[in-house]
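Chain residues, written in single-letter form:
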Amino acid sequence: MHFTTPLAMIDPAIMIPLAQAAEDAGFHSVALADSLAYPKVSDSSYPYNPDGTREFLENKPFIEPLVAAAAIGAATTALHCYTFVLKLPVRNPVILAKEATSVAALTGGRLELGVGISPWPDDYELCGVPWAGRGRRFEECIEVVRGLATGDYYEHHGECFDFPATKLKPGADVPILIGGHNERSLERAARLGDGWLPAGMPDDEFARCITRLGELRARYGRDHLPFSIYAASAEGFSPDGVKRLADMGVTHVTGGMSRFNPYGVEADTETLAEKIDALHRYADHVIAAVNR
């Protein structure tokens, strides 16, 4: 089992020391959130809040995740970073492939690219990208990033992007993890992804999704390939719970968070020392017991 912890919506000044502390405590990776900008006026809602509110985002700092991954990679030796999740269809996939392979090359392959489809039309309008057809664009972006990341000549002729044989250097292996937990997201993860990044959900729904992923991966003839499954579950906060998650096929479990609620509108008043203490408490109680 790999252990991971989020580095999101916190003071940018403490991201690097907190990442270093996570590595020292025995965590395998850190999650880096993506949020482009906050519109002053919007009728969009947030699908992962019970009431759909998104006001918690207004004053939260978000470092561009690939910039953060490069900085963290330079300040650590083994810690992995993954984006959770990068809003892929609003980005140019050629530029993204260049950025992602550059970070992967500089960090010795310590980057996983978690991607999803932004739930907000505002992001698409801001970036001059059509909201209609975003699902097809998402899949095509994955094709382009995968093709260019090989470092070999790659040509693409699709609905959204069209270019002749082109080589991008440096090539680097960048695993692609697909977020979301509706049926279409599960299907894409099984067909296109190297792993699945769900948001939090009830344990019975999480188990159902894992079973469904197995069925879909077998349908596409991909069930023999390595595949990562991430869990954000209350089960991840005890050694016995982690074992149950492992038995379900989970490969990465989230833990070590402090008491600060990043989805609230209140300011984060916790100190760096308090956040580091939370990492070490989890490491002592869970990671050490599981690895014993």
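For the structure, check the block above.
Nothing here was measured: the structure is a model prediction, and the numbers come from that model.

**Q** Tell me about the overall build of the protein, and please be specific about residues and values.
**A** Looking only at helices and strands, one finds 9 helices and 11 strands in the protein. Against the compact-globule benchmark of 19 Å for 292 residues, the protein has a radius of gyration of 19 Å, which places it among compact chains. Based on the C-alpha atoms only, the size of the protein along its principal axes is roughly 55 × 45 × 40 Å. Looking at the protein residue by residue over its 292 residues, the buried ones come to 49%. A separation threshold of at least 6 residues defines the contact pool for the protein, and within that pool the share at least 24 residues apart is 66%. Within the structure as shown, the protein displays about 13600 Å² of accessible surface, and the carbon and sulfur contribution to it stands at 54%. With 27 positive and 39 negative side-chain charges, the protein shows a spacing of 3 Å between the two charge centroids.

**Q** How would you summarise unusual backbone geometry if you had to cite specific residues and measurements?
**A** Look at the link from phenylalanine 84 to valine 85: it is a cis peptide, with omega at -15 degrees. Checked against the element boundaries, valine 85 lands in the loop between strand S3 (80–83) and strand S4 (86–87). One non-glycine residue with positive phi stands out, namely methionine 9, at about 60 degrees. Owing to a relative accessible area of 8%, methionine 9 belongs among the buried residues under this scheme.

**Q** An account of the pattern of salt bridges is needed here, citing residue identities and associated values.
**A** Across all of its chains, the model carries 16 salt bridges by this definition. Note that arginine 91 is salt-bridged to aspartate 34, the shortest N-O span being 2.9 Å. With arginine 91 in the loop between S4 and helix H3 (93–106) and aspartate 34 in the loop between strand S2 (29–32) and helix H2 (65–75), the pair connects residues that are 57 residues apart, well separated along the chain. Glutamate 139 serves as the salt-bridge partner of arginine 188, at 2.9 Å between the closest nitrogen and oxygen. Of this pair, arginine 188 sits in helix H6 (residues 183–192) while glutamate 139 is found in helix H5 (residues 134–149), placing the two residues 49 residues apart along the sequence. A single burial state applies to arginine 188 and to glutamate 139, both of which are buried.

**Q** Outline the packing of aromatic side chains, supporting the account with residue identities and numerical values.
**A** Per the stated rule, a full pass over the model turns up 9 aromatic pairs. Residues phenylalanine 237 and tyrosine 282 carry aromatic rings whose centres are separated by 5.5 Å and whose planes lie at 75 degrees to one another, so their mutual orientation is edge-to-face. Of this pair, phenylalanine 237 sits in the loop between strand S10 (228–231) and helix H8 (239–248) while tyrosine 282 sits in helix H9 (residues 272–291), and the two are 45 residues apart along the sequence. The class of tyrosine 282 is buried, set by a relative accessible area of 6%.

**Q** Give a detailed account of the nonpolar core, specifying residues and quantitative values.
**A** With 66 residues, the main nonpolar core has Leu7, Leu32, Ile72, Leu113, Val115, Trp196 and Phe206 as its most contacted residues. Other than its neighbours up to four places away in sequence, phenylalanine 206 contacts Trp196, Pro198, Met201, Ile229, Tyr230, Ala231, Leu245, Met248 and Val250. Core analysis: the next-biggest nonpolar cluster, separate from the first, contains 7 residues, Tyr46, Phe56, Leu57 and Trp120 among them.

**Q** So what about the side chain of serine 228? Which residues, and what values?
**A** Here serine 228 lies in strand S10. With near-sequence residues (within four places) excluded, serine 228 lies in contact with Leu177, Asp194, Gly195, Trp196, Thr251 and His252.

**Q** So what's going on with the environment of valine 174? Which residues, and what values?
**A** Mapped onto the fold, valine 174 is located in the loop between strand S7 (162–166) and strand S8 (176–179). Along the chain, valine 174 and alanine 100 lie 74 residues apart, while their C-alpha atoms are 7.2 Å from each other. Every residue in contact with valine 174, bar those within four places of it in the chain, is listed here: Ala100, Thr101, Ala104, Leu111 and Leu113.

**Q** Lay out H9 with the relevant residues and their values.
**A** The terminal C-alpha atoms of H9, which comprises 20 residues, lie 26 Å apart, in line with the 28 Å expected from a rise of 1.5 Å per residue. Of all the bends in H9, the largest measures some 40 degrees and sits at alanine 283. For H9, the complete set of buried residues consists of Lys275, Ala278, Leu279, Tyr282, Ala283, Val286 and Ile287. Those residues of H9 that are buried are in contact with strand S1 (2–6), helix H1 (15–25), H8 and strand S11 (252–254).

**Q** Run through the packing of H2 against H3, naming residues and quoting values.
**A** In the contact formed by H2 and H3, the axes pass within 10 Å of each other and the chain directions differ by 15 degrees. Of the possible angle classes, the one that applies to H2 and H3 is roughly parallel. Crossing of H2 against H3: the hand is left-handed. From H2, Leu66, Ala69 and Ala70 reach across to H3, where they touch Leu96, Glu99, Ala100 and Val103. Considering only residue class, the contact of H2 with H3 consists of 6 nonpolar, no polar and 1 charged.

Calculation rules
- Residues numbered from 1 in each chain as written.
- Predicted model: local features only at pLDDT ≥ 70, side-chain atom pairs only at ≥ 80, totals over all residues.
- Heavy atoms only, no water.
- Helix = DSSP H or I, 4+ residues; strand = E, 2+ residues; numbered from the N terminus.
- Rg over C-alpha atoms; globule rule 2.2 N^0.38 Å.
- Buried < 20%, exposed > 50% of the residue type's maximum accessible area, 1.4 Å probe, protein only.
- Contact = heavy atoms within 4.5 Å.
- Areas by Shrake-Rupley, 256 points an atom, 1.4 Å probe, with all protein chains shown as cover.
- Lys, Arg positive; Asp, Glu negative; His and termini not counted.
- Charge placed at Lys NZ, Arg CZ, Asp CG, Glu CD.
- Salt bridge = Lys/Arg side-chain N within 4 Å of Asp/Glu carboxyl O.
- Phe/Tyr/Trp six-rings, centres within 6.5 Å; stacked < 30°, edge-to-face > 60°.
- Core = buried A, V, L, I, M, F, W, Y, C linked by side-chain atoms within 4.5 Å.
- Expected span 1.5 Å × (residues − 1).
- Bend = angle between axes of the 7 residues up to and from the residue.
- Axes fitted to C-alpha atoms, helices over the stretch in contact; angles between N-to-C directions.
- Parallel < 35°, antiparallel > 145°, perpendicular 65-115°, else oblique.
- Left-handed = near helix turned anticlockwise from the far one by under 90°.
- Nonpolar A, V, L, I, M, F, W, Y, C, P; charged D, E, K, R; others polar.

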